[in-house]
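As a plain string of letters, each chain reads:
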Protein chains: 2
Amino acid sequence: MVINNNFYMSLAIKEAWRYQGLTYPNPAVGCTVVRGSGEILAVEAHKRAGEPHAEVAALKSAYFKLTNDKNIIDITTSSEIHFYLLKNHKNCFDKVSLYTTLEPCAHIGKTPSCATLISSLGIKTIFVGSNDTNEEASGGNGILKKSGLHVENNILKEECDNLLKPFKLWTQKSFVFFKWAQRLNGTTDGGIISSQESRINVHAMRDKCDLLVIGGNTVRVDRPTLDARLVNDGKAPDVLIVSRCKEFDMSIPLFSVQNRKVIISDDFSRCRNYKNIMIEGSSKMFELSRNIIDYYLCYLAPTVGGSNSFTEIDDKLEILNIQEEAQDIIMWMKRDV
Amino acid sequence: MVINNNFYMSLAIKEAWRYQGLTYPNPAVGCTVVRGSGEILAVEAHKRAGEPHAEVAALKSAYFKLTNDKNIIDITTSSEIHFYLLKNHKNCFDKVSLYTTLEPCAHIGKTPSCATLISSLGIKTIFVGSNDTNEEASGGNGILKKSGLHVENNILKEECDNLLKPFKLWTQKSFVFFKWAQRLNGTTDGGIISSQESRINVHAMRDKCDLLVIGGNTVRVDRPTLDARLVNDGKAPDVLIVSRCKEFDMSIPLFSVQNRKVIISDDFSRCRNYKNIMIEGSSKMFELSRNIIDYYLCYLAPTVGGSNSFTEIDDKLEILNIQEEAQDIIMWMKRDV
């Protein structure tokens, strides 16, 4: 195993993927803090909009490791962490390098600018994966360079760009991902497949989606609720039922969820006006939606059973990230073109 | 992400799994070398019998990182690395900790004892996963403690024991693993599934096996060679064809491989006398061999196609390791009981 800049960046990438989709409308970002010639002080990710950016979370952890100052542990809001670090750092970061999957923001929004914070802490070097082309937040590298930091760009750029892609898509137009659960032998039928942890993760993703797309037949057979009840204050997304036949038994639970719009249509263009779209699906939906999918998200349970699996198309996917979570595997993929 | 002893050990475990099966008759072992409060100097694994043990490989890499002494790079035999480190270390390891998945050996075999080497280099602390119960090699901890090292045992013990299990089994009796290739949707038919890299990996595994078990129907339909031609000097294992009907077309290539014994029997007890046994299989073989399997090895290609998959049994597996290799995923699993 080679321990180099790519290794440190890969830790940041890996951590960030765990929160892909959950940071909406913010990007998934990870950050590794390294001291001297290679001591890893912290690896953190941005977890949810409104919570600290990855750099702030990582600097907080690194500060505690460097100083053992327990006061910082209970400080959770981003602006308070900024303020506390600026006041108390006492040059403890002087031999520190940062690895961030995305150029630090220059934007003062829900949190103060990360680029300004990093510039003020005596950090010498920052390694960046993707550059920020978001109008509001870009300009971070400029701030960093102006204050004398050494900035090195394009570290594992392709991997960081893959991590950032959903954000780029939903800020421009929309991000569409196809999510399914299956067993090791590919089956998607025959009762509950995923672990409880995976199902909670799916509900957390739904909570951040504004539209959920599902096939009419699945609705008729499974009679689902399609809400986000497994997470606190989970918000149920609108639903597009893709179906030629417009008649449904209105006692199917998904129709009774509060503050939800249900669209029944055979036209995927009804996804327009939505930003973060999850398609939950069967083999048929996998085929039908093929041309509008940006990413695939598979929850794979290491079990063997069931009888029906995806069989209708020949397709080659590229694995973007694999994560072992409780008993399942969570895989993000895109079509390999 | 928590950066602690478990993190450093997990890097060693991950690296070691890449060579699981390939180290036969030696165990798969990994080692991480860390300086001071957490600078990772090296993560290495034992790769093949006769080549340096994980600790020696890791100390070699760490020595180069610490001293920049290029002379060590071309030294590849274990005894020469031992000798060179002993002569030239000049206390460069004095702030170094080791993390080894297995207690360092006390045995002077193809390589000198790792425990003696580690004791002589001024290393202060060693973290150990599994303890060595192999009669020939055990006693390493004793040597280390006697020379004043701080030894901490049972770091990620369960994970390290899972890594070591095949070795324990083939030294006691035999290790049997079921290997198959499938697509994401579970299919195992319809032409070549795995990438060329995965196929080379399978041939490298075959080269280390003494017996390969396969179903009679697969032999009749696929007409395989079942050798290890994709690796240099690859040795083809003996073959047990599990079949009630004993008649086969002897022009099927597997029968013409030099220095190979082919057994045709419907009795798995013919595996007796073999140590490292790979079952290559279909859905039927997966079911038939269920009770003699120790581990499962799945090569999963992120493609969708084919039509037949494993469907005949309800089984729950536990994932021991996932490795992304070229375009495929390589998963080691065991039955979850």
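Residues numbered from 1 in each chain as written. Chains lettered and ligands numbered in written order. Predicted model: local features only at pLDDT ≥ 70, side-chain atom pairs only at ≥ 80, totals over all residues. Heavy atoms only, no water.

(A) Summary view of the sheet that holds strand β8 (residues 238-242) of chain B. If you walk across this open sheet you meet the nine strands as β12(A)-β13(B)-β14(B)-β11(B)-β6(B)-β10(B)-β7(B)-β8(B)-β9(B), and the pairing is mixed. Looking at the sheet topology across the chains shown, the edges are occupied by β12 (303-304) of chain A together with β9 (262-265) of chain B. Both strand β7 (residues 211-215) of chain B and strand β10 (residues 276-280) of chain B contribute to a ladder of three bridges, which runs parallel. Bridged to L212 of chain B within β10 of chain B is M278 of chain B. (Pairing = 2+ DSSP bridges. Helix = DSSP H or I, 4+ residues; strand = E, 2+ residues; numbered from the N terminus.)

(B) Main features of the relation of the copies chain A and chain B. Rotating chain A by 180° and moving it 0.0 Å along the rotation axis overlays it on chain B with an RMSD of 0.0 Å. Such a combination of rotation and displacement between the chain copies is what one expects of a two-fold axis. Both copies share a contact surface, since 100% of the interface residues of chain A are interface residues in chain B too. (Least-squares fit on C-alpha atoms with pLDDT ≥ 70 in both. Contact = heavy atoms within 4.5 Å.)

(C) Seen up close, the domain arrangement of chain A. Residues and elements named next belong to chain A. Partitioning chain A into structural domains gives domain 1 (5-171) and domain 2 (174-335). Taking only C-alpha atoms into account, the centre of domain 1 sits 32 Å from that of domain 2. Listed per partner, the contact involves 14 residues of domain 1 and 18 residues of domain 2. Between domain 1 and domain 2 the total buried area reaches about 1600 Å² when both faces are included, carbon and sulfur atoms providing 55% of it. On inspection of domain 1 and its partner domain 2, the count reaches zero salt bridges. When contributions to the side of domain 1 that touches domain 2 are tallied by element, the ones reaching two or more residues are α1 (5-17) and α6 (157-172). The element best represented in the side of domain 1 that touches domain 2 is α6, accounting for six residues. Residues that form the side of domain 1 that touches domain 2 fall into these classes: six nonpolar, four polar and four charged. (Domains from an automatic or database assignment. Buried area = accessible area lost by both parts, 1.4 Å probe. Salt bridge = Lys/Arg side-chain N within 4 Å of Asp/Glu carboxyl O. Nonpolar A, V, L, I, M, F, W, Y, C, P; charged D, E, K, R; others polar.)

(D) Local environment of the pairing of β8 of chain B. Residues and elements named next belong to chain B. With five of five residues buried, β8 is to be regarded as a mostly interior element. In β8, alternate side chains face the same way, and those of D238, L240 and V242 on one face and V239 and I241 on the other are all buried. As defined by bridge partners, β7 adjoins β8 across five bridges and the pair is classed as parallel. Within β8, the position partnered with L211 by the bridge is D238. Two strands pair when backbone bridges link them, and β8 and β9 are joined in this way by four bridges, in the parallel orientation. (Buried < 20%, exposed > 50% of the residue type's maximum accessible area, 1.4 Å probe, protein only.)

(E) Structural detail: the packing of aromatic side chains. Residues and elements named next belong to chain A. A full pass over the atoms with the stated rule returns 46 aromatic pairs over all chains. Their ring planes at 75° and their centres at 6.2 Å tell us that F178 and F310 sit as a pair that is edge-to-face. You can see F178 sitting in strand β6 (residues 175-183) and its partner F310 sitting in the loop between β12 and β13 (315-325), a full 132 residues away along the chain. On the basis of relative accessibility, which here comes to 2%, the residue F310 falls in the buried class. Ring pairing ties together the aromatic residues W17, Y24, F167, W170, F175, F177, Y295 and W332, which thus form one cluster. One residue, R220, lies across the ring of F248, its end atom 4.0 Å from the ring centre. (Phe/Tyr/Trp six-rings, centres within 6.5 Å; stacked < 30°, edge-to-face > 60°. Lys NZ or Arg CZ within 6 Å of the ring centre and 35° of its normal.)

(F) Representation of α1 of chain A in the model. All names here are of chain A. Taking 1.5 Å of rise per residue, the 13 residues of α1 would be expected to cover 18 Å, and the 19 Å separating its terminal C-alpha atoms lies within 8% of that figure. Along α1, the residues classified as buried are F7, Y8, M9, L11, A12, I13, E15, A16 and W17. For α1, the side-chain oxygen to backbone nitrogen distance between the N-cap and N6 is 3.2 Å, and the N-cap itself is N4. (Expected span 1.5 Å × (residues − 1). Polar contact = N/O pair within 3.5 Å; in protein donor to acceptor, adjacent residues only side chain to side chain.)

(G) Quick look at helix α2 (residues 54-67) of chain A. Residue and element names in this part refer to chain A. Here α2 spans 20 Å end to end across 14 residues, near enough to the 20 Å set by a 1.5 Å rise per residue. Considered for burial, the residues of α2 that qualify are A54, E55, V56, A57, A58, L59, K60, A62 and Y63. Just downstream of α2, N68 is the residue with a positive phi angle, here 60°.

(H) Molecular detail of the pairing of strand β4 (residues 125-130) of chain B. All names here are of chain B. In terms of burial, β4 is a largely internal element, six of the six residues being buried. Looking at chain direction, strand β3 (residues 96-102) and β4 are connected through five bridges and run parallel. Paired with S97 across the strands is T125, a residue of β4.

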